[in-house]
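Residue strings, one per chain:
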Amino acid sequence: MMPMRTADKIMGIVLILLGVAMIWGGYVMDRLEIRGIHPASIPGLVPMGLGALIAICGGLLFASGKNETQDEPIDFGDMSKLLWTAGLSVVFAVVLIGRVPFAWATFLFIAAMTTRFTWTKGAGIVANRRALFFGLASGVFFSATISVLFRYAFLVRLP
Amino acid sequence: MGVFEQLFLAFGTFTTPIMIFHVAWATLLGIFVGSLPGLTATMGVALLTSLTYGLDRDAAILVLISMYVGAIYGGSRSAILLNIPGTPASAATSLDGYPLARQGKAAYAMGLATAGSALGTILGIILLVAIAPPLAAVALKFGSFEFFWLAVFGIVISGMLTADGNPLKGYIAGLLGLAVAMIGSEGIHAVVRFNMGIPELNGGIGLIPAMVGVFGFAEVLTAMSGSDGVILKAKKDHSRSVPRLADLVKYRLTIIKSGVIGTMVGIIPGVGEDIGAWASYAAARANSKEKEMFGKGSQEGLIAAETGNSAVVPGSLIPAITLAIPGSAPSAVLIAALFIHGIRPGPMIMIEQPEFIFSIAVMLFLATLAILIYGLSLTPLFVAVLRVPNAYLMPIIFSLCVIGPYAISQRLFDVWVMVFFGLVGFVLRKMKFPMPPLVLGIILGALLDKSLRRGLILSDGDLTPFFTRPISAGFAFLVLVVVLAGIPSVKRLIWRLIRNGGTNG
């Protein structure tokens, strides 16, 4: 696990880069001279100011002094569970939605995630068949309910 | 028309059978959402916004307010039974609620929490009706200079009060929110900024997809990677669920004080219910005759925390309605919902729709009646709901996180925005960056940007009016004080001066 101090230092560098990028982006932004606008109202003014503040805060975070909480590791919980949840969710939302009809995509996601998290290694064939059955049943029931609710009650053209 | 006539009229509008039905289901759903660890009030209101799209204006706002009130109250269920606050707002509740439950007084603890929540909301409603109209009148005097400082003050105070020991992280979260708000077409010359060649970004980042990501997807990730709570199986519970009147009378001063503190915390931009609960709890403990009981099952502590967090709900709606500046994260979503339903919150509200504040007061009151009825009668049902495993619940929640933002705009791009904000929000939260300032930054970015540049146009590029106009100067001073108070060395110096002053005095 990464200690908070290291994570803060990395974040500090990211913020400095972001701040510099915003200052540059604001500086080269169209100043609309052709429209004769007041120079104090150029669109890049606030982004430049924010960029400067973000870079300063990034520098302060990078250099922030020692305190007792900074040596603690960041607690991401159970990494295996986290990666499974994030992976299945991203595949559902970014890959399946828009390519597979919504009801099918939702069924696949709910069934896969429920089964994955109720399936127990070494729990025996009966227990895991049960987990699979309830995962599939949950997928069928809730994908149908959500699809019908949004399609017919809220008149949403589903993806 | 007088206050009571306005309230009477609003009461008539919202007590039709269909409106009562909306209050009943939305508050119940809110209590379930709040009671389930991992589902927050903000997530509930954000997801429900997409479901209320097809309802008429009054019904939609009523449903969202009922969800908000129900969810903040519902957090106390799991705080008392599981020692896991259902929402961050109930963290202080678990300190005394859980020990009471361990002593076999779970039902009575839930009854006290219900009474505290109801009384806190009612006190907040009274203050809402009293404060909102004059505040809107004062806000009419605000110009670009004042709105600029108001936006800065909101970000700074929210960053300071919601940061977990390090205000710098709160300020950074606020600045990141402001940076997000810079994406898309700006409000004065309609120049598209930072769209990175993606046409979908020309209109900017939608608040609802960002909020659903930060408070929905990030919560799903947190809940699935953490461990489930265990329902308390302590001593057999023979306690009554209806609190004794004598107890409420005994703690009347605590209730009033907590209600006022909660409402005032609610008025401060972007701070929210958890701070309201902690502030009320700390004040009650400082003045209590039974200090030693706090943290060990103090009824006074439980009432203070619940009254405080519930009073924040009406309090947070005061700046949301009169200044379009949210007092809490759920009220930020409510502002977005108000715009979707054709209501323009801000100083003009008392001129354009003076009845609206009274409608909100009645909506809050009806939702409070609903929590009172549900809270005192449905305890076994709430316990049953708490037994639903995350493995079944979270996939359904995430499916709603996907379809909710899509339903509002019909754009797949908003689903991707939700995923992006969910992943980034999860990492930022784990690194102890608070999320309310980020959300507040996204909301206040346009106001800050337009107000600064309009002010500079009016003053012909001169910064002096930002510091010399009376209200601007007041806000500038407050911002300076808040920033200085967040610097550890300055804080130490102030404490030393106070101690020396006390010793010399």
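A brief structural summary.

Cut-offs applied
- Residues numbered from 1 in each chain as written.
- Chains lettered and ligands numbered in written order.
- Predicted model: local features only at pLDDT ≥ 70, side-chain atom pairs only at ≥ 80, totals over all residues.
- Heavy atoms only, no water.
- Helix = DSSP H or I, 4+ residues; strand = E, 2+ residues; numbered from the N terminus.
- Contact = heavy atoms within 4.5 Å.
- Buried area = accessible area lost by both parts, 1.4 Å probe.
- Salt bridge = Lys/Arg side-chain N within 4 Å of Asp/Glu carboxyl O.
- Axes fitted to C-alpha atoms, helices over the stretch in contact; angles between N-to-C directions.
- Parallel < 35°, antiparallel > 145°, perpendicular 65-115°, else oblique.
- Left-handed = near helix turned anticlockwise from the far one by under 90°.
- Nonpolar A, V, L, I, M, F, W, Y, C, P; charged D, E, K, R; others polar.
- Expected span 1.5 Å × (residues − 1).
- Buried < 20%, exposed > 50% of the residue type's maximum accessible area, 1.4 Å probe, protein only.
- Polar contact = N/O pair within 3.5 Å; in protein donor to acceptor, adjacent residues only side chain to side chain.

### Quick notes on the environment of Ile397 of chain B
All names here are of chain B.
Next up, step 1: By the secondary structure assignment, Ile397 is in helix H18 (residues 390-409).
Next up, step 2: Separated by 341 residues in the primary sequence, Ile397 and Asp56 have C-alpha atoms spaced 25 Å apart.
Next up, step 3: Those residues in contact with Ile397 that sit more than four places away from it in its chain are Leu39, Met43 and Val220.

### Quick look at the interface of chain B and chain A
Next up, step 1: The interface is formed by 52 residues belonging to chain B together with 62 residues belonging to chain A.
Next up, step 2: Across the chain B to chain A interface the summed buried area is about 5000 Å²; carbon plus sulfur atoms make up 81%.
Next up, step 3: At the surface where chain B touches chain A, the tally comes to 1 salt bridge.
Next up, step 4: The closest approach of N and O atoms between Lys169 of chain B and Asp8 of chain A, which form a salt bridge, is 2.9 Å.

### Some details on the packing of helix H1 (residues 4-27) of chain A against helix H2 (residues 45-62) of chain A
Each packed pair of helices is defined by two parameters, the angle between the axes and the distance between the axes.
Residues and elements named next belong to chain A.
Next up, step 1: Closest axis-to-axis distance for the H1/H2 pair is 7 Å, and the angle between their directions is 160 degrees. Classified by the interaxial angle, the pair formed by H1 and H2 is roughly antiparallel. Between H1 and H2 lies a crossing of left-handed hand.
Next up, step 2: In terms of residue class, the contact of H1 with H2 is made up of 16 nonpolar, 6 polar and 2 charged.

### A word on helix H3 (residues 79-96) of chain A
Residue and element names in this part refer to chain A.
Next up, step 1: End to end, H3 covers 24 Å across 18 residues, agreeing with the expected 26 Å (1.5 Å per residue, within 8%).
Next up, step 2: If you check which residues of H3 are buried, you get Leu82, Thr85, Ala86, Ser89, Phe92, Ala93 and Leu96.
Next up, step 3: For H3, the capping residue at the N-terminal end is Asp78, with a side-chain oxygen 3.0 Å from the backbone nitrogen of Ser80.
Next up, step 4: Two residues or fewer after H3 comes Gly98, characterised by a positive phi angle close to 100 degrees.

Everything listed here is a matter of coordinates, which is why it stays silent on function.
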